[in-house]
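Observations on chain architecture
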Amino acid sequence: KRRAHSKDLIGGLSNGVRAGELTEADSGPDWRAVAETQKERLRIALGADVFQRVYNYLKQVHAAGTETTSRESQQALRQFVSRDELDLAFEVDQLLYIEEVCCGNSQSGAEA
């Protein structure tokens, strides 16, 4: 068995493939596709109107640098969703995180 060299480990690999030789299939999930799938699932679960209101609100919270787990944010979310749907609102928050961090989508537009 071949021992991993540092140049292999730099690319996060120890199987003999050098950094820069990755194929798209090796590079992990397609985060844009993940985000779009999650967005569509949440639109269906919450309804398009409620989803959009939650999405817009949370996008504003992110832009302001406020914690979405704060009591104030949770109370505001309750204006849009029932107690039973709060977990879906937090999934919208996760969607925004994926869009901002993984997809580099931090545009100021609020439309989802």
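Placed above this text is the structure.
Just so it is clear, the structure is predicted and the values come from calculations on it, not from any experiment.

The subject of this paragraph is the nonpolar core. Counting 21 residues, the largest nonpolar core has Leu 46, Phe 51, Val 54, Leu 58, Leu 77, Val 81 and Val 92 as the members making the most contacts within it. Breaking this core down by element, the ones donating at least two residues are helix 2 (31-46), helix 3 (48-64), helix 4 (71-77) and helix 5 (86-102). The residues touching Val 92, leaving out its near neighbours within four places in the chain, are Leu 42, Leu 46, Phe 51, Val 54, Tyr 55 and Leu 58.

Attention now moves to the environment of Lys 59. With respect to the helices, strands and loops of the structure, Lys 59 is situated in helix 3. Judged by its relative accessible area of 9%, Lys 59 is buried. Here the alpha-carbon distance between Lys 59 and Tyr 97, two residues 38 residues apart in the chain, equals 9.6 Å.

A word on the pattern of salt bridges. Any two side chains of opposite charge can pair, so long as their charged atoms come close to each other. By the definition in use, this model includes five salt bridges. Note that Lys 39 is salt-bridged to Glu 99, the shortest N-O span being 2.9 Å. Of this pair, Lys 39 sits in helix 2 while Glu 99 sits in helix 5, placing them 60 residues apart in sequence. Summarising the burial analysis for this pair, Lys 39 and Glu 99 share the class buried. In this structure, Arg 53 engages Asp 49 in a salt bridge whose closest nitrogen and oxygen atoms are separated by 3.2 Å. With Arg 53 and Asp 49 both in helix 3, this residue pair falls four residues apart, about one helical turn. Given a relative accessible area of 52%, Asp 49 falls into the exposed group. One connected set of salt bridges, linked through shared partners, spans Glu 36, Lys 39 and Glu 99.

A word on helix 2. With 16 residues, helix 2 should reach 22 Å at 1.5 Å per residue; the first-to-last C-alpha distance of 22 Å fits that figure. Among the residues of helix 2, those classed as buried are Ala 35, Gln 38, Lys 39, Leu 42 and Leu 46. Looking straight down helix 2, one finds that the buried residues subtend no more than 105° of arc, so they occupy a single side. Residues Thr 37 and Ile 44 are exposed on helix 2 and point more than 90 degrees away from its buried face. Elements that come into contact with the buried residues of helix 2 comprise helix 3 and helix 5. Among the residues of helix 2, the N-terminal cap falls to Asp 30, whose side-chain oxygen and the backbone nitrogen of Arg 32 are separated by 3.2 Å. One or two residues past the end of helix 2 sits Gly 47, with phi positive at roughly 90°.

Cut-offs applied
- Residues numbered from 1 in each chain as written.
- Predicted model: local features only at pLDDT ≥ 70, side-chain atom pairs only at ≥ 80, totals over all residues.
- Heavy atoms only, no water.
- Core = buried A, V, L, I, M, F, W, Y, C linked by side-chain atoms within 4.5 Å.
- Buried < 20%, exposed > 50% of the residue type's maximum accessible area, 1.4 Å probe, protein only.
- Helix = DSSP H or I, 4+ residues; strand = E, 2+ residues; numbered from the N terminus.
- Contact = heavy atoms within 4.5 Å.
- Salt bridge = Lys/Arg side-chain N within 4 Å of Asp/Glu carboxyl O.
- Expected span 1.5 Å × (residues − 1).
- Arc of directions from axis to C-beta.
- Polar contact = N/O pair within 3.5 Å; in protein donor to acceptor, adjacent residues only side chain to side chain.

As far as function goes, none of this settles anything; it's purely spatial.
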